[in-house]
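Okay, here's what each chain looks like letter by letter:
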Amino acid sequence: MNLKDKILNKEATICIIGLGYVGLPHAVAFATTGFRVIGLDLSERRVAAVNRGHSDIPDVASEQLAALVDAGRLEATSDYDRLTEADIILICVPTPFDDMKTPDLQYIVSAAEGIMPRLGAGKMVILQSTTYPGTTEEVVQPILERSGLKAGQDFHLVFSPERIDPGNPQYSAHNIPKVVGGLTPACTELACMLFGHLTPAVHAVSTPRAAEMTKLLENIFRSVNIALVNELAVLMERMGIDIWEVIAAAKTKPFGFMAFSPGPGVGGHCIPVDPYYLSWKARQFDFYTKFIELAAEVNADMPNHVVGKIVAGLNLHGKALRGSRVLILGVAFKRDIDDARNSPAQRTIELLLDAGATVEYYDPYVPVFQVGGNALHRGRVALHSVPLDEGLARADIVAIITGHRNVDYAEVVARSRIVIDAVNVTAALTDESNRIIRLGAPMPAV
Ligand SMILES: NC(=O)c1ccc[n+]([C@@H]2O[C@H](COP(=O)([O-])OP(=O)(O)OC[C@H]3O[C@@H](n4cnc5c(N)ncnc54)[C@H](O)[C@@H]3O)[C@@H](O)[C@H]2O)c1
């Protein structure tokens, strides 16, 4: 049976390399659809957990995973030799940057090198990791072709960006449209057919580069628009205007406006990282991506702004930051998730520690949080989430950095001396004793 028939009949074996926030939901989605799925991950701990039917990715329910494992539809391994069983290989490994914001493709390279000696004629390799335009053809293709097989001729090669939004119950692999760019029209057609089993909307583009660029456009669009409202939030504070009120009003326009929220900065694996992949690549073309740099500058400064508000809040009570106890609420990079990678809370806490404050945090999803260990703050510190009651009792000031929905903010305000709210979760609360200082809003009267 050729690959087309195997895809049509769901008889293709799919191997997913990297069982993290992207790979595991996809493994489950394909297995649920009826495909046999092998998940390949270097982390023995993660492999063992998946084979036990235990999910450490919040968007994947352990019961659902366990049912697929029990039914023999999904298994995990660390053994690259299992790739010989696969008809289709999806690469979902991390794409971080280094201290100099240079793309770090080591995980993609090692996955491709693991595939190369096990690649057979007629197979399809799909890269899903977010990366700069050209990675599929300039990095992955040459490695795979060291097998002696030619991409687009002997095997299929495709880029299809991943767009999942962890913690968003409305959108999953089953309803987020997929963008697909194959090396040849035949590669694109087969990948569209495959993803068509997952989601009703598949959009083909002409090349892997166009697909790679699509994902970067989406994330740069967010980064630039978040920077715009962050800059305006700082301005509106000075002007005595509440940006949240203004955004709510502007949102009533049914066309031509899309609401973005200001906040303490950008975090996660995508928005603070991906734009740099493009600005790095652009330099090869003698091009300097000014919007990306400007947005990064504004967003990177927001933790400084939040610390400035903490200083202002303490000042209202005649206190200095040095020696004060600050309780940070929320260190995940966005609400209701456990992912704290590149969280704005990290830089905020580093700045507070540098200024001589004592910092504790509470986050119901993140038990341990690492800060420092970088050029900006050399010393590495592991903080542990404290019980909310105890943290509130000890704190001179509370700063809400991530607005998880399972925290009672009325209670937090009632039990705090001063609250800095960087995400507007206290907007609806009455504040008779002027304890709340919201980012993007006028200072309370003293
Ligand atoms: N997390 C998101 O919300 C999100 C959304 C869209 C796109 N992306 C992109 O998807 C990619 C993966 O991100 P993630 O958040 O799933 O990462 P992750 O860190 O959650 O998971 C990656 C997994 O890959 C494994 N791994 C690394 N190198 C490997 C190798 N050579 N062979 C086998 N396993 C290997 C790791 O052990 C880990 O379990 C990144 O490019 C990211 O930018 C992430």
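See the structure shown above.
Here is a short report on the structure shown in this document. The structure presented is a predicted model; accordingly, all values stated were derived computationally and were not measured.

Reading the values: the criteria
Each chain has its residues counted from 1, following the order in which its sequence is written. With pLDDT at 70 or above as the cut-off, local features in this predicted model cover only qualifying residues; side-chain atom pairs require 80 or more to be listed or tallied, and sums for whole chains, interfaces and linings still use all residues. For the side-chain quantities, the full set of heavy atoms in the structure was used; hydrogens and water were omitted. Think of it in three bands: residues with accessible area under 20% of the maximum for their type are buried, residues over 50% are exposed, and the middle band is partly exposed, with areas taken using a 1.4 Å probe on protein chains only. Working definition: helices are DSSP H or I runs of at least four residues, strands are E runs of at least two. Numbering for both runs from the N terminus. The arc in question is formed by the directions pointing from the helix axis toward the C-beta atoms. Whether two residues are in contact is decided by their heavy atoms: any pair within 4.5 Å suffices. A cutoff of 4 Å decides nearness: a residue is near a molecule or strand if any of its heavy atoms lies inside that distance of it. Any pair of nitrogen or oxygen atoms within 3.5 Å is treated as a polar contact; in protein, a donor-acceptor pairing is required on top of that, and neighbouring residues in sequence qualify only through side-chain atoms on both sides. To be clear on the numbers: accessible area is Shrake-Rupley with a 1.4 Å probe, and residue cover counts the displayed protein chains and nothing else. In this classification, Asp, Glu, Lys and Arg are treated as charged, Ala, Val, Leu, Ile, Met, Phe, Trp, Tyr, Cys and Pro as nonpolar, and every other residue, Gly included, as polar. Residues qualify for a patch when their relative accessible area is over 30% and they have no salt bridge, like charges being joined within 9 Å and the nonpolar side chains of Val, Leu, Ile, Met, Phe, Trp and Tyr within 5 Å. Only one rule defines a salt bridge in this text: a Lys or Arg side-chain nitrogen within 4 Å of an Asp or Glu carboxyl oxygen. Helix axes are fitted only over the stretch in contact, all axes being lines through C-alpha atoms; the angle between N-to-C directions runs from 0 to 180 degrees. Throughout, a crossing is termed right-handed when the near helix is turned clockwise from the far one, and left-handed when it is turned anticlockwise from it by less than a right angle. Any two strands with at least two DSSP-identified bridges between them are counted as paired.

Notes on helix 11 (residues 290-300)
Considered for burial, the residues of helix 11 that qualify are I292, A295, A296, V298 and N299. Taken down its axis, helix 11 places every buried residue within 165° of arc, on the same side. The exposed residues of helix 11 that point more than 90 degrees off its buried face are K290 and E297. As for helix 11, its buried residues are in contact with helix 8 (208-239), helix 10 (274-282) and helix 12 (302-316).

Some thoughts on the side chain of H377
Locating H377 in the fold gives a position in the loop between strand 11 (368-371) and strand 12 (381-384). For H377, a relative accessible area of 11% translates into the label buried. Among residues more than four places away in sequence, those in contact with H377 are E350, L353, D354 and G372.

Looking at the site of the ligand
Near the ligand lie 28 residues; those nearest to it are D41, R46, Y80, T95 and S110. For the ligand, an oxygen atom lies 2.8 Å from a polar atom in the side chain of R46. Between the ligand and R341, the relevant distance is 3.0 Å, taken from an oxygen atom to a side-chain nitrogen or oxygen of the residue. Coverage of the ligand by the protein chains reaches 92% of its 830 Å² of free accessible surface. Its residues assigned to classes, the shell around the ligand shows 15 nonpolar, eight polar and five charged.

Overview of the environment of S279
Note on placement: S279 falls in helix 10. What makes S279 buried here is its relative accessible area of 4%. Measuring from C-alpha to C-alpha, the distance between S279 and V298 comes to 16 Å, with 19 residues separating the pair along the chain. With residues near it in sequence (within four places) discarded, S279 still touches T289, I292 and E293.

Considering the environment of T102
Assignment of secondary structure puts T102 in the loop between strand 4 (88-91) and helix 5 (106-115). For T102, a relative accessible area of 24% gives the class partly exposed. Residues T102 and Y277, spaced 175 residues apart in sequence, show a C-alpha to C-alpha distance of 7.2 Å. Among all residues touching T102, those that are not within four sequence positions of it are P96, F97 and W280.

Some remarks on a nonpolar patch on the surface
A surface patch of nonpolar side chains, about 480 Å² in accessible area, is lined by L228, L232, L235, M239, I241 and V246. Element by element, the count of residues in the nonpolar patch is highest for helix 8, at four residues. Structurally, V246 can be placed in helix 9 (residues 243-250). Judged by its relative accessible area of 34%, V246 falls in the partly exposed class.

Brief notes about the packing of helix 8 against helix 10
With their axes 8 Å apart at the nearest point, helix 8 and helix 10 run at an angle of 115° to one another. Crossing hand, helix 8 versus helix 10: left-handed. Residues M213, K215, L216, N219, I220 and S223 of helix 8 touch helix 10, and the partners they reach there are D274, P275 and L278. Its residues assigned to classes, the contact of helix 8 with helix 10 comprises five nonpolar, two polar and two charged.

A short note on the pattern of salt bridges
Under the defined criterion, the tally for this structure stands at 26 salt bridges. With a shortest N-O distance of 2.5 Å, R82 and E85 are connected by a salt bridge. A relative accessible area of 33% means that E85 is categorised as partly exposed. Among the salt bridges present, the one from R405 reaches D336, with a minimum N-O distance of 2.6 Å. Of this pair, R405 sits in the loop between strand 13 (397-400) and helix 15 (409-414) while D336 sits in the loop between strand 9 (325-329) and helix 13 (344-354), and the two are 69 residues apart along the sequence.

Description of the sheet that holds strand 4
Strand order in this open sheet of eight strands is 3-2-1-4-5-6-7-8, and the pairing throughout is mixed. Either end of the sheet is taken by a strand with one partner, and the two such strands are strand 3 (74-77) and strand 8 (202-205). For this sheet, the mean inter-axis angle between neighbouring strands, taken without regard to orientation, is 25°. Along the sheet, helix 2 (residues 23-33) makes contact with strand 1 (13-17), strand 2 (36-40), strand 3, strand 4 and strand 7 (178-182), crossing strand 1 at roughly 170°.

Some words on the sheet that holds strand 13
A sheet is described by the order of its strands in space; here five strands give the open sequence 10-9-13-14-15, paired in parallel fashion. Each having just a single partner strand, strand 10 (358-362) and strand 15 (436-438) make up the two edges of the open sheet. Between one strand axis and the next, the sheet turns through 20° on average, direction left out of account. With five bridges connecting them, strand 9 and strand 10 associate as parallel partners. Note that in strand 10 the partner of I328 across the bridge is Y361.

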